[in-house]
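Chain residues, written in single-letter form:
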Amino acid sequence: QVQLVESGGRLVQAGGSLRLSCAASRCTFSSYIMGWFRQAPGKEREFVSAITWNSENVYYADSLKDRFTISRNNAKTTVYLQMNSLKPEDTAVYYCAAAMTSARSVSWPGSYDYWGQGTQVTVSS
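Residues numbered from 1 in each chain as written. Predicted model: local features only at pLDDT ≥ 70, side-chain atom pairs only at ≥ 80, totals over all residues. Heavy atoms only, no water.

## Looking at the overall build of the protein
Argument step 1. Within the protein, the regular secondary structure consists of 0 helices and 11 strands.
Argument step 2. What you see for the protein is a C-alpha radius of gyration of 13 Å, in line with the 14 Å of a compact globule of 125 residues.
Argument step 3. Taking all 125 residues of the protein together, 44% fall into the buried category.
Argument step 4. Restricting to contacts in the protein with at least 6 residues of sequence separation, those with at least 24 account for 58%.
Argument step 5. Accessible area for the protein stands at about 6500 Å²; split by element, carbon and sulfur atoms hold 45% of it. (Helix = DSSP H or I, 4+ residues; strand = E, 2+ residues; numbered from the N terminus. Rg over C-alpha atoms; globule rule 2.2 N^0.38 Å. Buried < 20%, exposed > 50% of the residue type's maximum accessible area, 1.4 Å probe, protein only. Contact = heavy atoms within 4.5 Å. Areas by Shrake-Rupley, 256 points an atom, 1.4 Å probe, with all protein chains shown as cover.)

Okay, structure coming up:
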């Protein structure tokens, strides 16, 4: 079973940057696609980004790809989300998730088997 722990969320001013980290259990990390989702108050959970085990395939929500960058370090069993030029609408709880490599859609929350507890990102205007 994959265990995921997010960190790095905090209050940041609009235009600022933030890097989120997700530490995963070593025994299964390399077998999973890793993704980031976010959920703002009153909204559905939204796909942010995903990355395959070898980091050769990355996926982004179209509206975010110019500002966000996903990466992973398998030796450290950690996935990262670098967020730049943050906007107030980026305010949300950000979740790390792990999906089987056979997942049909990396952007659908139902593809993911394991989820972290989330880390709060608040962007002030």
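## What to know about the nonpolar core
Argument step 1. Grouped together as the largest cluster of nonpolar side chains are 36 residues, with contacts concentrated most on M34, W36, L81, M83, Y94 and Y112.
Argument step 2. Ranked by residues supplied to this core, first place goes to strand β9 (residues 92-100) with 6 residues.
Argument step 3. Look past the residues within four positions of Y112 in its chain and what remains in contact with it is I33, M34, G35, F37, F47, A50, A97, A98, A99 and V106. (Core = buried A, V, L, I, M, F, W, Y, C linked by side-chain atoms within 4.5 Å.)

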